[in-house]
Amino acid sequence: MIKLLLDSSIFSRAIITFDISSLKKFMTTDEKEVVVGNLTSMSGEILSYLNPKPIKAATKLPDGSYYKIIGKKYGMTYAEVPAGLTFEELIERLKLENLFPAIFPLYLKGTIGGFISTNGSGFGSYKYGFVKYKIPVYELKDKDTAVVGLVNYSELIELDQESPFAWSAVIFPTENIVKYYVPSFYSSVTGKGKVVSLEKVINDIYSSVKSILKRDYIPVCLRASEYSILIQSPIESKLGYIINYNSPSKFYVICGNIKRDNLDKLFDFLKKNPSVYPFPSLQEYKEIHKFILSKYKKEIKVPKNLEKIKLQYLDAVQCVNCGLCLDKCLAYNTTKNIIYSPVGKINRLLTGVTDSEYCFGCKNEDDYCPVGIKISELTEVLPQLSRYKDKISIPIDRVPSRLKELEARLDSKYKSYPVYLLFVGCAAKYDPLGLEGFMNFLLEKGEELKDFSPRVKLLDNECCGFDKYITGDIEGAKSDVSKIVDIKNKLGAQKVYFLCPEGLYVYNSLSGDKGILAYEVIKPYVKEKVYLGCWAKKLGFEGEEHECAGLLFTSYKGAQLPLFKKNIITICPFSTWKFSTQSVYSLFKKGENLKEDKTIFEFSDQLFTDYVISSLKNGVLASVDDIADKTINWIMGGKNYFILLIIPIIRKRFSSLLVSSLSENKELVNSLKTLSENKLLMEDKIRKVVDIVNSYNFTELVSDLIVKISNSPRLEYEARKIIESEDYKKALEEVIKKVIVDRVLEDIIQEVIYR
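In this report, the structure presented in the accompanying data block is examined.

### Remarks on the overall build of the chain
- When helices and strands are tallied, the chain shows 32 helices and 23 strands.
- For a compact globule of 755 residues, the expected C-alpha radius of gyration is about 27 Å, and the chain comes in at 30 Å, within 12% of that figure.
- When its C-alpha atoms are laid out on the principal axes, the chain stretches across 85 × 75 × 55 Å.
- Taking contacts inside the chain between residues at least 6 apart in sequence as the whole, the part at least 24 apart equals 71%.
- As presented, the chain carries roughly 32200 Å² of accessible surface, and 47% of it is formed by carbon and sulfur atoms.
- Each charge sign in the chain was given a centre, from 105 positive and 95 negative side chains, and these centres are 3 Å apart.

### Quick notes on the packing of aromatic side chains
- Taken as a whole, this structure holds 47 aromatic pairs when the rule is applied.
- An angle of 85 degrees between the planes, with centres 5.5 Å apart, marks the rings of Phe438 and Tyr497 as edge-to-face. Within this pair, whereas Phe438 is found in helix α17 (residues 432-445), its partner Tyr497 is found in strand β17 (residues 495-498), the two being separated by 59 residues in sequence. Comparing Phe438 with Tyr497, the two get one shared label, buried.
- Sitting over the face of the ring of Tyr217, Lys214 holds its NZ or CZ atom 4.6 Å from the ring centroid.
- For Arg223, the ring lying beneath its charged end belongs to Phe251, and the centroid distance is 4.8 Å.

### Considering the sheet that holds strand β9 (residues 168-172)
- As summarised here, the arrangement of the seven strands in space is β11-β8-β10-β9-β13-β14-β12, forming an open sheet in which the pairing is antiparallel. Every other strand in the sheet has two partners, leaving β11 (194-197) and β12 (217-224) as the edge strands with one partner each. If you compare each strand with its neighbour and ignore which way they point, the axes differ by 25 degrees on average.
- Judged from the five bridges that link them, β9 and strand β10 (residues 177-183) form a sheet pairing that is antiparallel.

### Regarding the state of the cysteines
- What the rule picks out here adds up to one disulfide.
- Here Cys426 is not disulfide-linked; the sulfur of Cys500 is the nearest cysteine sulfur, at 5.2 Å.
- Here Cys572 is not disulfide-linked; the sulfur of Cys500 is the nearest cysteine sulfur, at 6.5 Å.
- Taking relative accessible area as the criterion, Cys572 reaches 3% and is therefore assigned buried.

### Side note on the environment of Leu159
- Examined against the element boundaries, Leu159 turns out to sit in strand β8 (residues 155-159).
- The exposure class assigned to Leu159 is buried, which follows from its relative accessible area of 9%.
- Each residue touching Leu159, except ones within four places of it in the same chain, is listed here: Val178, Lys179, Tyr180, Val182, Thr190, Lys192 and Gly193.

### So, the sheet that holds strand β15 (residues 420-423)
- Across the sheet, which stays open at both edges, the four strands sit in the order β16-β15-β17-β18 with parallel pairing between neighbours. The outermost strands of the open sheet, each flanked by one partner alone, are β16 (456-459) and β18 (516-517).
- Strand direction decides the pairing type here: β15 and β16, joined by four bridges, are parallel. Among the inter-strand pairings, Leu421 is bridged to a residue of β16, identified as Lys457.
- Against the sheet, helix α19 (residues 474-491) engages β15, β16 and β17, with an angle of about 145 degrees to β15.

### Some thoughts on the side chain of Lys488
- Relative to the elements of secondary structure, Lys488 occurs in helix α19.
- Classification of Lys488 by relative accessible area gives buried; the value is 10%.
- When near neighbours in sequence (up to four residues on either side) are disregarded, Lys488 contacts Leu421, Ala493, Gln494, Lys495, Val496, Tyr507 and Asp513.

### Notes on unusual backbone geometry
- Backbone geometry at Asn51 places phi at a positive 50 degrees, although glycine is not the residue there.
- Despite not being glycine, Asn176 has its phi angle at roughly 55 degrees, a positive value.
- Among the structural elements, Asn176 can be located in the loop between β9 and β10.

### Focus on the pairing of strand β3 (residues 68-73)
- With five bridges connecting them, β3 and strand β4 (residues 76-82) associate as antiparallel partners. Along β4, the bridge assignment pairs Ile69 with Ala79.
- Hairpin remark: β3 followed by β4, antiparallel, with two residues in the connecting loop; positive phi at Tyr74, about 55 degrees.

### Side note on the environment of Val739
- Among the structural elements, Val739 can be located in helix α31 (residues 726-739).
- A residue is classified by how much of its surface remains accessible, and Val739, at 0% relative accessible area, is buried.
- Sequence separation of Val739 and Ser623 is 116 residues, and the distance between their C-alpha atoms is 13 Å.
- When sequence neighbours within four positions are dropped, the list of residues in contact with Val739 reads Leu616, Ile647, Ile650, Arg651, Phe654 and Val744.

### A look at the pattern of salt bridges
- Following the criterion strictly, the structure yields 37 salt bridges and no others.
- Among the salt bridges present, the one from Glu162 reaches Lys250, with a minimum N-O distance of 3.3 Å. Here Glu162 is found in the loop between β8 and β9, whereas its partner Lys250 is found in the loop between β13 (236-243) and β14 (251-259), with 88 residues between them in sequence.
- With relative accessibility at 43%, the residue Glu162 sits in the partly exposed group.
- Overall, Lys250 belongs to the partly exposed group, its relative accessible area being 29%.

### As for helix α8 (residues 263-272)
- Inspection of α8 places Leu263, Leu266, Phe267, Phe269 and Leu270 among the buried residues, and these make up the whole buried set. Looking straight down α8, one finds its buried side chains confined to an arc of 160 degrees; they lie on one side.
- The inward-facing, buried residues of α8 abut α1 (10-14), β12, α7 (227-230), β14 and α9 (287-295).

### Quick word on a positive patch on the surface
- Among the surface-exposed residues, Lys25, Lys295, Lys297 and Lys301 lie close enough to one another that they form a single positively charged patch.
- Relative to the assigned elements, Lys295 resides in helix α9.

### Remarks on helix α30 (residues 699-710)
- Under the 1.5 Å per step criterion, the end-to-end length of α30 is 17 Å for 12 residues, consistent within 8% with the ideal 16 Å.
- Leu701, Val702, Leu705, Ile706 and Ile709 are the residues of α30 that are buried. Seen from one end, α30 has its buried residues packed into an arc of 135 degrees, which puts them on one side.
- If you follow the buried residues of α30, they end up packed against α25 (605-621), α26 (624-630) and α31.

### A few points about the environment of Glu475
- Examined against the element boundaries, Glu475 turns out to sit in helix α19.
- Classification of Glu475 as exposed rests on a relative accessible area of 56%.
- Separated by 248 residues in sequence, Glu475 and Ile723 place their C-alpha atoms 44 Å apart.

Rules used in this analysis
- Residues numbered from 1 in each chain as written.
- Predicted model: local features only at pLDDT ≥ 70, side-chain atom pairs only at ≥ 80, totals over all residues.
- Heavy atoms only, no water.
- Helix = DSSP H or I, 4+ residues; strand = E, 2+ residues; numbered from the N terminus.
- Rg over C-alpha atoms; globule rule 2.2 N^0.38 Å.
- Contact = heavy atoms within 4.5 Å.
- Areas by Shrake-Rupley, 256 points an atom, 1.4 Å probe, with all protein chains shown as cover.
- Lys, Arg positive; Asp, Glu negative; His and termini not counted.
- Charge placed at Lys NZ, Arg CZ, Asp CG, Glu CD.
- Phe/Tyr/Trp six-rings, centres within 6.5 Å; stacked < 30°, edge-to-face > 60°.
- Buried < 20%, exposed > 50% of the residue type's maximum accessible area, 1.4 Å probe, protein only.
- Lys NZ or Arg CZ within 6 Å of the ring centre and 35° of its normal.
- Pairing = 2+ DSSP bridges.
- Axes fitted to C-alpha atoms, helices over the stretch in contact; angles between N-to-C directions.
- Disulfide = S-S within 2.5 Å.
- Salt bridge = Lys/Arg side-chain N within 4 Å of Asp/Glu carboxyl O.
- Arc of directions from axis to C-beta.
- Patch = residues over 30% accessible without salt bridge, like charges linked within 9 Å, V, L, I, M, F, W, Y side chains within 5 Å.
- Expected span 1.5 Å × (residues − 1).

Structure representation (structure tokens):
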């Protein structure tokens, strides 16, 4: 299988129409790391790499800043900036000091590093030309750091006539005019002109360029030394600019789009006019580009193995690598790996890679996709194609006896009503208060309900199949759903209530029946602002917010998911648990006004987790000599014996460090005291921290630990070979994660609050 990355070039749009394995002879075949930004380049350079390993450049400098002024030259102020930062982000930060990049692309979602590596041009190129020619306007210091030239032209004079003092010359093809932008301090020599703020010019140009992005169209930028030839191209031109100085010759660039069905006309035009290049950067055709031009076929054929997702495949073909979805993608922003983003998933699909990981089902990307791809629907079906499916487990449990008693009361009070099944699933863990609250609501308001029944039978300790559904195991999910249907029929229940949108979505998709989201029942009685979440939105519900909580997961692909804290009412049990908020159902929990319980809103899961992980890391490193001393026991008793010896050593130091650090934060201690008064909530918080620790990536810590162990004077000579093994590394990772268990954290909290 051939693996490659796509970008925003017309070549990336063309290769899906023919056998891409034919490109192999033009590609660098050595697997190598390739630094990628947002893959918004129009150069087609990335197509030259076979089986690349994408890595992302830094988005901050080592000291955490976004830029550092280092000197002046060529009339510019030079600064070090992170190569992985986009121009949109850089401009936003620089403008506070009235500084702007000397050259920047019209489309601002590209990264600084990508712009430099392709020798780009853009706004400012009338004066400063290309990134690298006679004057190095920008340069890459290393893969993470760029040096960029900055100017302080916050105000410009807009002229209709060419001026030697112009910084930028912008072409408006539909009006057949060129506007020249001159720094305002040249006003005494340029004569009268309209004074405009650079910030407004940037915003207007960026908005204009984004309007190029629309369904069934492909964005295009063409460069030539003769403008008269450019305007004969078949593209719908929107905007352009002139490259004058710091360039081998004067060039004109026009940007616009072309209907996807007319791409062949553009290719014919380029073949007939070899002086026109489909790159705004200073480059010429490579052999791979010429080959793609010659092989392009107008018809898009859906591969046979993808026929079952034909609609989603043809939808994915619309992707033009604009990168607008990246800001909203939780998977990408967590891992910083573009492979896990919608761009990366579509990239893999279109290049024949069918293995795909589960995703969160976010709907936010759909709203931000300018070409209207149903990204959530696409990422939902992709795991079904995978040969090797992810395995995840969602904990379920039986309900406490008091809820069984409440079930009996409902049955007794509403005997004249039909039976509905109340599916519990993972709500027993993630929203037990909400489950009880909904049942209390039915007990108190049942007689007021017109379209629903208050008489319910609980179905607990069964899975809805969501864990299997999102990993692509549809048959497994169907099996779980069939159990629900069988129990429903056995009990003679007419309908099934679900507290969570995820469970209802799977049930509706696979059962042939339609369940009811419990929120529909209580909605007329809820006055508060409600957070719905992505899967409720997929069901057609609308609410105030849809920020992705990341379901139940505390990590994704080795990276820790952020723990948000939101003052909002939630529906999804996962969101309730992740956001540490109150569920809409728990508003009706009898005898308790949980909304006024400050524990819920004031206790910071993230802060507490940070304390725990910091103390754990310090406890591990403080145990180096003891671990080194005990390593010899591996020879005598094996891996498991070694693990049993080490856990209590680290746990003792961890406990001491955590008690000490927590005790210094009086506000957190008070929160813990309040939390301890609510046993159910405290257990929930502790479970969450344990889950996070179990999914945390300790690879860097273990590597550091092994180096320190190897240098310990207490490591016996015979044990040195052991610490070099992969098993030893895995054992240490296992030890670290086993240090923290519920009981240990409970004891620590008790010691802190009663100190």
